[in-house]
Amino acid sequence: MDYAKIIRDLAAEVQPLYGQGKVADYIPELGKVPPRQFGLCLQLNDGISHEFGDSRTKFSIQSISKVFALSKAFGLLGEELWQRVGVEPSGNAFNSLMQLEYEKGIPRNPLINAGALVVTDILVSKFENPKAEILRYLRQLAGTEDIHFNKQVAESERKTGYRNFALAYFLKSFGNLKNEVEQVLDVYFHQCSIEMTCFELANAMQIFSQHGLEPHSGERLLSSSETKRLNAVMQTCGFYDEAGEFTFAVGLPGKSGVGGGIAALLPGQYSIAVWSPELNKKGNSVLGMKALELFTTMTGSSVF
Ligand code: GLN
């Protein structure tokens, strides 16, 4: 398969989509990112990678961090985790409060904000220094030490993250947050502020396409059954109220973030990360979604 050509062709095809979306600005610091950027990295399981455009530019991974936090918490807690958070698609915006009320504080899934806060709470309970542990874990997965928080982004979100505060206090009132709201949110805002490149992200996602084996160290971090569950949650819940659309158009498990990144994978074959900051109304990258749709169409590859 001529991946290099396919990627060049799809990149040319998505160029006219610039201007259709909008850079996230509800976190003021994110609003400063220049919109016309596009990067892609395909990491094949055999170790070969293909990159295009701004694939070595750091960007805010935001909600993509939820997948890594989840895999860490699941690895530690096992099936017990699902007593505190569900595995059903929400059909709602990522920061919606409604469901949490009538489902009595058990978030629908771990990839909406409410569920991610429960996952972060678990990490806060388990580790003396959860922020350092999250960084250490991502550095291991990505195979590089050069992964850091963006303190300005974390601070910007702390100052304006009223909905996340509301969700966290709500969870606390239902007894589904064990630690203090401020502490959990501090860790959550930091994990969201982590900056990575498409190249690093595609590498970090390898654990999910390699059935739980971390390829840089050769260490098994998750069982293949645990990896199956995490991939299933990404497939059904990774794009919030656009999870159906992403499955329909792209057909891969994956996760998006409001920084404009999307990371996805085909189990046993490859992981892929794409980034372009302009978002559609649901908070997913316009060029990124289209690029992945074209990629799976042109390569004839998907989980379906
Ligand atoms: N930090 C962002 C928030 O909590 C992450 C949202 C996202 O990427 N979808 O609002």
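Each remark here, short or long, concerns the structure printed above.
What comes next concerns the included structure. These numbers were taken from a predicted model, which means no experiment stands behind them. (Residues numbered from 1 in each chain as written. Predicted model: local features only at pLDDT ≥ 70, side-chain atom pairs only at ≥ 80, totals over all residues. Heavy atoms only, no water.)

1. Description of the pairing of strand β9 (residues 261-266)
- Across the six residues that make up β9, a large majority, six, are buried.
- Here β9 shows two buried faces, one formed by G261, A263 and L265 and the other by I262, A264 and L266.
- Taken together, the three bridges between strand β8 (residues 254-256) and β9 define a ladder with antiparallel strand orientation. Within β9, the position partnered with S256 by the bridge is I262.
- Linking two consecutive strands that pair antiparallel, namely β8 and β9, is a turn of four residues; a positive phi of about 100° is found at G260 within it. (Buried < 20%, exposed > 50% of the residue type's maximum accessible area, 1.4 Å probe, protein only. Helix = DSSP H or I, 4+ residues; strand = E, 2+ residues; numbered from the N terminus. Pairing = 2+ DSSP bridges.)

2. Description of the packing of aromatic side chains
- Taken as a whole and assessed by the stated rule, the structure comprises 12 aromatic pairs.
- Aromatic pair Y3 and F295: ring centres 6.2 Å apart, planes at 20°, arrangement stacked. Of this pair, Y3 sits in helix α1 (residues 3-14) while F295 sits in helix α13 (residues 286-299), and the two are 292 residues apart along the sequence.
- Three or more aromatic residues joined by ring pairs form one cluster here, namely Y3, Y270 and F295.
- For R56, the ring lying beneath its charged end belongs to F199, and the centroid distance is 3.7 Å. (Phe/Tyr/Trp six-rings, centres within 6.5 Å; stacked < 30°, edge-to-face > 60°. Lys NZ or Arg CZ within 6 Å of the ring centre and 35° of its normal.)

3. A short note on the packing of helix α2 (residues 65-77) against helix α8 (residues 181-192)
- Following both chains from N to C, one finds α2 and α8 inclined at 125°, their axes separated by 9 Å at the closest point. The orientation of α2 with respect to α8, classified from their angle, is oblique. In terms of crossing hand, the pair formed by α2 and α8 is right-handed. Taken together, the residues of α8 that come into contact with α2 (itself represented by S65, K66 and A69) are Y188, Q191 and C192.
- When its residues are assigned to classes, the contact of α2 with α8 shows three nonpolar, two polar and one charged. (Axes fitted to C-alpha atoms, helices over the stretch in contact; angles between N-to-C directions. Parallel < 35°, antiparallel > 145°, perpendicular 65-115°, else oblique. Left-handed = near helix turned anticlockwise from the far one by under 90°. Contact = heavy atoms within 4.5 Å. Nonpolar A, V, L, I, M, F, W, Y, C, P; charged D, E, K, R; others polar.)

4. Remarks on the side chain of T296
- Inspection of the secondary structure puts T296 in helix α13.
- With a relative accessible area of 8%, T296 lands in the buried category.
- Excluding residues within four positions of it along the chain, T296 makes contact with A249, V250, L252, Y270 and S301.

5. Quick look at α8
- Here α8 spans 16 Å end to end across 12 residues, near enough to the 16 Å set by a 1.5 Å rise per residue.
- With nine of 12 residues buried, α8 is to be regarded as a mostly interior element.
- Every buried residue belonging to α8 is among V181, V184, L185, V187, Y188, F189, H190, Q191 and C192, and all of these are buried.
- Taken together, the buried residues of α8 touch β4 (59-60), α2, α4 (113-126), α5 (130-142), α6 (151-160) and α7 (162-173). (Expected span 1.5 Å × (residues − 1).)

6. Notes on α7
- For α7, with 12 residues, the first-to-last C-alpha span of 16 Å sits near the 16 Å given by 1.5 Å per residue.
- When α7 is considered as a whole, its buried residues turn out to be N164, F165, L167, A168 and L171. Around the axis of α7, the buried residues are gathered within 165° of arc, so they sit on the same side. In this structure, α7 carries Y162 and S173 as exposed residues pointing more than 90 degrees from its buried face.
- In this fold, the buried residues of α7 make contact with α3 (98-102), α4, α6 and α8. (Arc of directions from axis to C-beta.)

7. Considerations on the site of the ligand
- Taken together, 13 residues sit near the ligand, with Y26, Q62, S63, E157 and Y188 positioned nearest.
- Contact between the ligand and Q62: a nitrogen atom at 2.6 Å from a side-chain N or O atom of the residue.
- Measuring from a nitrogen atom of the ligand, one finds a side-chain N or O atom of Y240 at 2.9 Å.
- In isolation the ligand offers 300 Å² of accessible surface; the protein chains occlude 99% of this area.
- Looking at the shell around the ligand residue by residue, the class counts come to seven nonpolar, five polar and one charged. (Near = heavy atom within 4 Å. Polar contact = N/O pair within 3.5 Å; in protein donor to acceptor, adjacent residues only side chain to side chain. Areas by Shrake-Rupley, 256 points an atom, 1.4 Å probe, with all protein chains shown as cover.)

8. Focus: the environment of D9
- Mapped onto the elements of the fold, D9 is located in helix α1.
- Sequence spacing of D9 and T296 is 287 residues, and the spatial spacing of their C-alpha atoms is 13 Å.

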